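For reference, the chains in residue letters:
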Amino acid sequence: MSTSIPARPRTARLALALAVVLAASLLPTAADAGRPTTSTSSGADISCEVDDGFLGIFVSEEGDGFTFVDLFYESFDGADTLYGFGEDATFDGTTLAATVEVVAEGGGDEPEPVGVATIEAVLDPVGDPEVFEDRFRDGNTWVTIREVFVQADVAGSATLDGVFDVDLSTCVGSLVESTFTSTNPSAYNNRYEGRFLDCAAAGDDGIGFVFADSSRDGEFLDVYVVDGDGVEVAGFTEDVVFTDTALQGTVDLFEVETGKPDGTAVVDASLASTGSFTNDFRARGVRISETVEEFDVTGTVVVDGTTYVLEDCFAVAFEGKEHYGSPQGPKGGGGGRIPANDLPEDAVLLAVPSSTTVRTGAASPAPEAACSFDVEDEGEPFEVEVPLGNTVWYAFEGTGERVTVDTSGTEFDTVVGIYAADLQQLACVDDVESGSFTSLQAAATIDTAAGETYLVQVGGFGYFEDEGEVFPADSGRLRVTIR
């Protein structure tokens, strides 16, 4: 997917983010359904309250030899909280040996290095294990999670010069083994829906925010407020009414610093639709259709008699369906018939207006001409070349008016370049934005001179080479309309 477009409005980012995350995690890699995928991991938690602070250690071994350790230390005297993360560790399910680089995150912009902590620990299971299992459906995929949890006695030490030297036998520990299993259908199909709201909250002597989310996993409401005295309170609830017309809920609040109960917040808001838009995305083996509805929000959050008005709200409801499967047709760089207009000298002359289709899977992997445009970074312009490949060529005669070359209806992410007869670039377009909608099917428009010949290069986004390895561009059925 292209990264050479301006920043999108928040609603477009929502839809695009959903598509990108799902495509990365769910796209099948084979034409036929495969055996279920199973992964395992083991881990341990160690926590200690010592004379001058609290120490927490978490270790995970992911089953493929990758082991990491997280460390957390908070001093009771108000010093900076310390954090550590390290991959220099071994863990066999009961014995841990690790070194962890530790930093302090205080009031500065950057964490300050503190030193290297050394951990040597042995965990001995105590008592009967507890087993937790969950099986749920994700579209047409079944996912099973099984965890075996057991308490453990701990022996060993954790040291950080000048900060702590902890005898781990004073700590409490636990061990867990996890198994994750997922079926692998030949194609993934799913429908989804949900809504969320994010508002600032403004009062006479305080500020805060309200956040609500609704999905197939349930609903929840978050409230956070800082009053005029600087006291921070926060809380959340799953007992909430969240519809396309209203948000209502009562939240028990707690002081952020102490964790003590501190009153309640009552949220009462009305939502009014301001319209909707639809995102349709098609690529090789991927089809996503999503409708997003936007809302104006008015309302309040009342914290123990003090009213805060909701403002600067962002609220949407969305629903969609998605399909990820094995792409059909020729792949980029091989198979199928080479297009007759694979090269500039073989460009097919198109009338204005007209439309045509072609399959690009067997076109030359690399482009015959560069396609680039200027962008600015902190006021300094520079040229960005768009990666494209599996291109085909067309030609048209100028009409004396503006002419558009459009790839709407294509099944993959496209790039369009328009050139003079001597291949001097006149336009290069990747994605197209219209309001809050972004299309990955490019369209380029230029002013033309009557009778002048213009060349068009159209291909898929993504071709590049790295140290001799070729990464092919998108390809498939291409539709080109000129008007």
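Our structure's up above, just so we're on the same page.
Residues numbered from 1 in each chain as written. Predicted model: local features only at pLDDT ≥ 70, side-chain atom pairs only at ≥ 80, totals over all residues. Heavy atoms only, no water.

**Considerations on the overall build of the chain**
Line of reasoning, step 1. For the chain, the helix and strand inventory stands at one helix and 33 strands.
Line of reasoning, step 2. A total of 483 residues make up the chain; the buried ones form 40% of that total.
Line of reasoning, step 3. Considering only contacts in the chain between residues 6 or more positions apart, those separated by 24 or more positions represent 62%.
Line of reasoning, step 4. Looking at the chain as shown, the accessible area adds up to about 25100 Å², and 48% of this sits on carbon and sulfur atoms. (Helix = DSSP H or I, 4+ residues; strand = E, 2+ residues; numbered from the N terminus. Buried < 20%, exposed > 50% of the residue type's maximum accessible area, 1.4 Å probe, protein only. Contact = heavy atoms within 4.5 Å. Areas by Shrake-Rupley, 256 points an atom, 1.4 Å probe, with all protein chains shown as cover.)

**Here we look at the pairing of strand β11 (residues 207-215)**
Regular strands have side chains that alternate between both faces of the sheet.
Line of reasoning, step 1. Burial along β11 is one-sided: G208, V210, A212 and S214 are buried, while I207, F209, F211, D213 and S215, pointing the other way, are not.
Line of reasoning, step 2. Where β11 and strand β12 (residues 218-226) come together, nine bridges link them in antiparallel fashion. Directly across from S214, in β12, lies its bridge partner E219. (Pairing = 2+ DSSP bridges.)

**Points about the state of the cysteines**
Line of reasoning, step 1. A full pass over the atoms with the stated rule returns three disulfides.
Line of reasoning, step 2. Across the disulfide from C48 sits C171; the S-S distance is 1.5 Å. With the S-S dihedral at roughly 95 degrees, the linkage between C48 and C171 falls on the right-handed side. Here C48 is found in strand β1 (residues 34-50), whereas its partner C171 is found in the loop between β8 (164-167) and β9 (172-184), with 123 residues between them in sequence.
Line of reasoning, step 3. Of the residues examined, C171 reaches a relative accessible area of 9% and is grouped as buried.
Line of reasoning, step 4. Paired by a disulfide, C371 and C428 hold their sulfur atoms 2.0 Å apart. Handedness of the C371-C428 disulfide follows from its S-S torsion of about 115 degrees: it is right-handed. With a gap of 57 residues between them, C371 in the loop between β20 (354-359) and β21 (372-377) and C428 in strand β26 (residues 425-429) connect regions that are remote in the sequence. A single burial state applies to C371 and to C428, both of which are buried. (Disulfide = S-S within 2.5 Å.)

**Digging into unusual backbone geometry**
Line of reasoning, step 1. Of note, the amide linkage connecting V352 to P353 takes the cis form, showing an omega dihedral of 5 degrees.
Line of reasoning, step 2. Relative to the helices and strands, P353 is located in the loop between β19 (348-349) and β20.
Line of reasoning, step 3. In this structure, D304 takes a positive phi of about 50 degrees despite not being glycine.
Line of reasoning, step 4. One non-glycine residue, N390, lies in the positive phi region at around 50 degrees.
Line of reasoning, step 5. Inspection of the secondary structure assignment puts N390 in strand β23 (residues 388-397).
Line of reasoning, step 6. Residue N390 is classed as buried on the basis of its relative accessible area of 1%.

**Quick look at the pattern of salt bridges**
Side chains bearing opposite charge may pair, as long as their charged atoms lie close to each other.
Line of reasoning, step 1. Counted under the stated rule, the structure contains five salt bridges.
Line of reasoning, step 2. In this structure, D244 and R195 form a salt bridge, with 3.1 Å as the shortest nitrogen-oxygen distance. Within this pair, whereas D244 is found in the loop between β14 (240-242) and β15 (246-255), its partner R195 is found in strand β10 (residues 188-202), the two being separated by 49 residues in sequence.
Line of reasoning, step 3. Under the relative-accessibility criterion, D244 is labelled partly exposed at 32%.
Line of reasoning, step 4. Where D447 meets R402, a salt bridge forms, and the shortest distance between an N and an O atom there is 3.2 Å. Of this pair, D447 sits in strand β29 (residues 443-447) while R402 sits in strand β24 (residues 402-406); the two residues are 45 residues apart in sequence, bridging distant segments of the chain.
Line of reasoning, step 5. For D447, a relative accessible area of 55% translates into the label exposed. (Salt bridge = Lys/Arg side-chain N within 4 Å of Asp/Glu carboxyl O.)

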